[in-house]
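Descriptive analysis of the structure
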Amino acid sequence: MHLYLGESPRTIYLVTSSQEENTGKPSKALVFRAAENNPSQAVVEFLNKDDVDLTNVVRLTTRVVKGCLGLISIGSDLFVAVVTSATELGNARPSAQAPEIVAKIHEVQFFSLTSSTWDDLTSVGPDALPSPSYADQADLMAMRADYQASQPNNAPLFEHPCAPLTKILSSGSFYYALGAQWDISTRLAERLDRGMNPTGAFDERFVWNEYIVRSLLDFRARLDAQERDALDRCHFIVLAIQGFVGMFTLALPAPPTDGMPTVATICLISRLGWKRAGTRFNTRGVDDDGHCANFVETETLLSTDQHCFSYTQVRGSVPLFWEQQGIQTFSQRIQITRPHASQPAFERHFAQLTDEYGAVNAINLLGSKDHEAALTSAYAKHISIARSIWGSDIGITHFDFHHAVKLGGHDSVVRDLRRVESVSDNVDRFGFTMCDAATDEVITHQKGVFRTNCLDCLDRTNFVQDILSRTMLEQYLLLVRREWTHSTALWSYHRELWAENGDALSRIYAGTGALNTSFTRSGKRTLAGVLSDATKSVSRAYINNFQDKGKQVAIDMFLGNISNQKQVSIFDPIHDSVRAVLEQRLPEYSSTKQCSIFVGTWNLNGRPPSESLLPWLFPKPGQSSSHFYFIFESSLTRQLALLLGYPDPDMFVLGFQEIVPLTAQQIVQTDPEKKRMWETRILDTLDRRPNKKSSALNCCLIHSEQLVGTALIVVMKSELISVVRNVEATARKTGLRGMSGNKGAVGIRLDFHDTSFCFLTAHLAAGHANVEERNADYRTIASGLHFLRGKTIDSHDNVVWLADTNYRIDLDNDMVRSLAHQNDYDGLLAADQLKQAIDSGAAFAGYAEGPIQFRPTYRYDLGTDNYDTSEKMRIPAWTDRILYKGHTLELSEYSRTELRGSDHRPVYAVFQGTVHIIDPVKRANLSRLLLESVTATAPGEKLDEKLAALTFPSEFEDSCEHGLLTLEMPLTVARAVPPPSSEHEAWWDDPDLPRGALALSDLLSLARDGPTNPFDSPYESPLSASPSSSDEELFNHALSLPTPMIPVPSTKKPPPPPPPRPKPAGNAT
């Protein structure tokens, strides 16, 4: 393939070469250009090469391009990522019906679709035509060249925005399948079960460029079958894995029949998961969806002319919420976070493993030291609870690797591990996969998997997986050819592959090669190996503490986890229309559920808990000395609430300000102990609530986040944790122009079922007259606080601020105190700075606040009900506020509590919310209905009105009620249908149209209302335009062909919720 650049508009062409066409590939071109006024949208066309004008283009690189990795948007620029250098490693399974060749990526380049600023002119060949926009950029390019020439080591003036991505992708750890015949992301057993269709079906867990290639896969899915096949044969789209691939070809002893040796290929493929990707100290444990850090699937393959052997193992971080903060040396400090909330995520992880591999036996290699012992204990406890769901399908084997080495050396590990009963039993139970080389018929399936872990899942894990791989390979050889077990070359290559595998995975995660590889390679522990391991340990400590942060940012950028980052989409007006209508018709494919949310905010003045939190967390109607705001639909409901109290909230969201004293030391290095102290106190209060019912308000911590003195804590009922997903936290500094965290905001977002919530606590600029500074702080937070994958505050269904806003009352001190004591709130609110800012649109525009029927919460003498009597005599104010927006939130109560442990009073609000639960099958059917209707729209027909008139047929609703719904059910459009004919009259005999007579002009008008002939399209639909090889062809076929399925990962499903545990049987009566 060759890469060309054209201008006016700026366009990049990926074109097949004549050499490729001579080998049978179609003569095609993949054309890219940026969409107008949208930096994250591209226009892509798949055309015949002859239809592309290449007379006025410049060749971007003299190298032969191997394929396209995808499209990525960074800032205001849109880039195409292409592989410009790769080498073939060999055929992983020579006996297969089609070659399974693996290529290793050496270099990736990014070319801009939006600007010539980043054009690398040095890579253009001497015979290339100048870029048409070169003149516009000549001065800038000359300045860059002159400056770089004057710099030591030619340091570049401008770094390419994609330079960090180029460094990672060109590191030699990425691989792809050469050719469209097979899929490197999926293990052999799965490929054979599903058949060969690699681009359309792949293992999403291991395709690292899934984020940037998704738009191209969606584009591919919209092509017709013939074009889709041509695109695959051109191999324009590359699906890359990260990890390790190695292989050797060797001769095994000859059978006694003909004396010819058997040629075999041994191959090792490790696929690193990207769902929770990162570097050693930055990424640990599990996330809410059950994805583990450093999760790797490793497959051992041995291929001969008769059979192919496959054996799969996995490794991954201990699937709990844990992390390592601060500088880590050789004595690593571990903190288990959210210990009471990890069981659902733990069970999601094992649900994914059992669904994918069958039975699972975890081999835990952690030692008995304090930090590792705590993880081991928690791991065993979670496994014990999970066994109530899966029974004997999951188990755990604890094997203290370091203790075994200390007693008997590395040789003893090999002996002792094979003697462990749970390991030896499961080796026999799980087995391996074997298929016939000639027919690809599966002879035996692997029925389970070993999941091995240590702390980093590197050195100890690789050592043990090598042993398990050899053990299983020996079992296979004993079945097919016993003498091959004595092949020196086979076991030498096996050791070398596992040593290289350990080094490769260790370099990705920790920055250095693996430890213990000298023993893996040679079977001996040498002095040189000991010294090498010591050097690697020191290097790791430095790299992981001081260099990995930049690498983590680059990984997050590649995976789309950076704030403000938007996934590139391909211009497609048809599907855009469908998506917009789907959002408007959410109630048609979702059900709703009510929830109760308690929200509280309190400025602590740096003080620890000193009194009971029950009056704040469980307020009773009328408990406050001041008035409160309380909404109910009827007086009867209100009377019941007064008698019975409020229902237990499903979620508690608590924001604190000045949780630590705002000293210089705390600003530089914040002490997290105060936050943990308050977390413990809150959970203890919830657990010790008086009159606790048998239906137990068992709560656990979902997440917490701290920015110096500002902290946000989210607690939820344990029974609801399984329906909470995508929990993220972030912070935004506003102190000292954004450099200091003494002022700022902390945000936590989550999905409750299918409704998104964003909670923010903030501490804005202080000072009575600093209104504009507070407004500026709000604007900084509102525009600058982002979550992963470009999610902003406003992208959520519901947003709640619980903050010390620091807005004051613009009246003199005596007047404010007098009105406050008289409970004359209207006079005070008229001068409230926050109300004025909202009314003017200067801050919090679009947010609502409940009527304030309580006294100002700031500032009191500590431990008293007296407003400030100190020398400063601060004017009382409602600094502590709760504001919200969201169509599904209703405020039930807004008040304060009389706790005197700070100079502020805590404020709280109780919300009743509605959350949506989406039915994916209903949504898919409605989407298909809308798509079919769009493609059948006639000229002059109003699309919006047509889409609004679409309804589900009655048989669809009946099937939903009885659980018989399928994706193939017919969908209809609501139409006015006349009554059926009877013995006395016919449906077509109408008074306006006697005997069905119809004017020719009316007949033509009716014909245009229905679907047109797909082979005769005299009209041009404005929605028929789409990036394909032929607009007419697309329009013709869209009306007659079924909508192609979007490529989906092979047999992969979204992370399942934890299966329900069996309830204990009640006592017999």
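What counts as what
- Residues numbered from 1 in each chain as written.
- Predicted model: local features only at pLDDT ≥ 70, side-chain atom pairs only at ≥ 80, totals over all residues.
- Heavy atoms only, no water.
- Helix = DSSP H or I, 4+ residues; strand = E, 2+ residues; numbered from the N terminus.
- Buried < 20%, exposed > 50% of the residue type's maximum accessible area, 1.4 Å probe, protein only.
- Areas by Shrake-Rupley, 256 points an atom, 1.4 Å probe, with all protein chains shown as cover.
- Pairing = 2+ DSSP bridges.
- Phe/Tyr/Trp six-rings, centres within 6.5 Å; stacked < 30°, edge-to-face > 60°.
- Polar contact = N/O pair within 3.5 Å; in protein donor to acceptor, adjacent residues only side chain to side chain.
- Axes fitted to C-alpha atoms, helices over the stretch in contact; angles between N-to-C directions.
- Core = buried A, V, L, I, M, F, W, Y, C linked by side-chain atoms within 4.5 Å.
- Domains from an automatic or database assignment.
- Arc of directions from axis to C-beta.
- Contact = heavy atoms within 4.5 Å.
- Salt bridge = Lys/Arg side-chain N within 4 Å of Asp/Glu carboxyl O.
- Parallel < 35°, antiparallel > 145°, perpendicular 65-115°, else oblique.
- Left-handed = near helix turned anticlockwise from the far one by under 90°.
- Nonpolar A, V, L, I, M, F, W, Y, C, P; charged D, E, K, R; others polar.
- Expected span 1.5 Å × (residues − 1).

**Section: the overall build of the protein chain**
- The number of helices and strands found in the protein chain is 29 helices and 35 strands.
- The buried share of the protein chain, reckoned over its 1069 residues, is 54%.
- If you sum the accessible surface of the protein chain, you get close to 47,000 Å²; carbon and sulfur atoms cover 52% of it.

**Regarding the sheet that holds strand β4 (residues 41–48)**
- With mixed pairing, six strands are arranged side by side in an open sheet as β5-β1-β2-β3-β4-β21. In this open sheet, the two edge strands, each paired with only one partner strand, are β5 (58–59) and β21 (569–570).
- Across five bridges, the pairing between strand β2 (residues 11–15) and strand β3 (residues 28–34) is antiparallel. Bridge pairing in β3 links Thr-11 to Arg-33.

**As for the packing of aromatic side chains**
- Across all of its chains, the model carries 29 aromatic pairs by this definition.
- Ring geometry for Phe-618 against Phe-652: centres 5.8 Å apart, planes inclined by 65°, an arrangement best described as edge-to-face. Of this pair, Phe-618 sits in the loop between α17 (614–617) and β23 (629–630) while Phe-652 sits in strand β24 (residues 651–657); the two residues are 34 residues apart in sequence, bridging distant segments of the chain. Grouping residues by exposure puts Phe-618 and Phe-652 together as buried.

**A closer look at the side chain of Arg-284**
- Secondary-structure assignment places Arg-284 in the loop between β11 (262–272) and β12 (296–303).
- A polar contact is formed between the side chain of Arg-284 and the backbone oxygen of Leu-455, at a distance of 3.4 Å.

**Some details on the sheet that holds strand β31 (residues 880–885)**
- Sheet architecture is open: five strands sit in the order β27-β28-β29-β30-β31, paired in mixed fashion. The open sheet has two edge strands with one neighbour each: β27 (724–735) and β31. Ignoring strand direction, the axes of neighbouring strands in this sheet form an average angle of 15°.

**Let's talk about the nonpolar core**
- Of all hydrophobic cores here, the largest spans 78 residues; its most connected members are Val-245, Leu-302 and Phe-350.
- The element best represented in this core is helix α11 (residues 459–480), accounting for eight residues.
- Counting the residues that make up this core, at least three belong to each of domain 1 (1–125 + 160–238) and domain 2 (243–525).
- Residues Leu-819, Ala-820, Leu-829 and Tyr-867 belong to the second largest nonpolar core, which totals 49 residues.

**Topic: helix α24 (residues 833–840)**
- Among the residues making up α24, those that are buried are Gln-833, Leu-834, Ala-837 and Ile-838. Down the axis of α24, the sector holding all buried residues measures 135°, keeping them to one side. Exposed residues pointing more than 90 degrees away from the buried face of α24 are listed as Asp-839 and Ser-840.
- In the core, the buried residues of α24 are packed alongside α21 (771–784) and β31.

**A word on the pattern of salt bridges**
- On inspection of all chains with the given rule, the structure shows 48 salt bridges.
- The salt bridge involving Glu-299 is made with Arg-271; its shortest N-O contact spans 3.0 Å. Of this pair, Glu-299 sits in strand β12 while Arg-271 sits in strand β11, and the two are 28 residues apart along the sequence. Of the two residues, Glu-299 and Arg-271, both sit in the buried class.

**Section: the environment of Arg-187**
- Mapped onto the elements, Arg-187 comes out in the loop between β9 (174–178) and α4 (188–194).
- For Arg-187, a relative accessible area of 7% gives the class buried.
- Taking the C-alpha atoms as reference points, Arg-187 and Thr-300, separated by 113 residues in sequence, lie 9.7 Å from one another.
- Residues within four places of Arg-187 in sequence aside, it is in contact with Arg-205, Arg-271, Glu-297, Glu-299, Thr-312, Glu-356 and Tyr-357.

**Let's talk about the packing of helix α7 (residues 342–357) against helix α8 (residues 370–390)**
- Between α7 and α8, whose axes approach to 10 Å, the crossing angle comes to 60°. With respect to α8, the axis of α7 lies oblique. Every pair of crossing elements has a handedness; the one defined by α7 and α8 is right-handed. Between α7 and α8, the contacting residues are Ser-342, Gln-343, Phe-346, Glu-347, Phe-350, Ala-351 and Thr-354 on the first element and Tyr-379, His-382, Ile-383, Ile-385, Ala-386, Ile-389 and Trp-390 on the second.
- Grouping the amino acids of the contact of α7 with α8 by side-chain chemistry returns nine nonpolar, four polar and one charged.

**Quick look at α8**
- The end-to-end C-alpha distance of α8, which contains 21 residues, comes to 30 Å, matching closely the 30 Å that a straight helix rising 1.5 Å per residue would cover.
- Turning to α8, its buried residues are His-371, Glu-372, Leu-375, Thr-376, Ala-378, Tyr-379, His-382, Ile-383, Ala-386 and Trp-390.
- Count one or two residues on from α8 and you reach Gly-391, which has phi positive near 60°.

**Looking at the pairing of strand β13 (residues 307–315)**
- Where burial is concerned, most of β13 is hidden: nine out of the nine residues are buried.
- Examined bridge by bridge, β12 and β13 share eight bridges and lie antiparallel to one another. Looking across to β13, one finds that Thr-300 is bridged to Tyr-311.
- Where β12 folds back on β13, the antiparallel hairpin that results is connected by three residues.
- When β13 meets strand β18 (residues 433–436), the two strands line up antiparallel, connected through four bridges. Residue His-307 lies in a different strand from β18, and its bridge partner there is Asp-436.
- Pairing of β13 with strand β20 (residues 448–453) involves two bridges; the strand directions are parallel.

**What about the side chain of His-2?**
- Structurally, His-2 can be placed in strand β1 (residues 2–6).
- With relative accessibility at 16%, the residue His-2 sits in the buried group.
- At a separation of 2.8 Å, a polar atom in the side chain of His-2 contacts the side chain of Arg-59.
- Setting aside chain neighbours within four positions, we find His-2 in contact with Tyr-13, Leu-14, Val-15, Ser-17, Arg-59 and Val-64.

**Topic: the pairing of β18**
- One ladder, built from two bridges, connects β18 with strand β19 (residues 442–444); its direction is antiparallel. Residue Met-434 lies in a different strand from β19, and its bridge partner there is Thr-444.
- Counting the residues between successive antiparallel strands, the hairpin from β18 to β19 contains five residues, one of them, Asp-440, with a positive phi of roughly 60°.

**Let's talk about unusual backbone geometry**
- At the junction of Ser-8 and Pro-9, the peptide bond is cis and its omega measures out at -5° in the coordinates.
- Here the bond from Tyr-858 into Arg-859 is cis, since omega is -10°, no more than 30 degrees from zero.
- Along the polypeptide, Arg-859 turns up in the loop between α24 and β31.
- The backbone of Asn-294 sits at a positive phi, close to 50°, despite the residue not being glycine.
- Locating Asn-294 in the fold gives a position in the loop between β11 and β12.
- Even without being a glycine, Asn-823 presents a positive backbone phi close to 55°.
- Counting through the fold element by element, Asn-823 comes out in the loop between α22 (813–821) and α23 (825–829).

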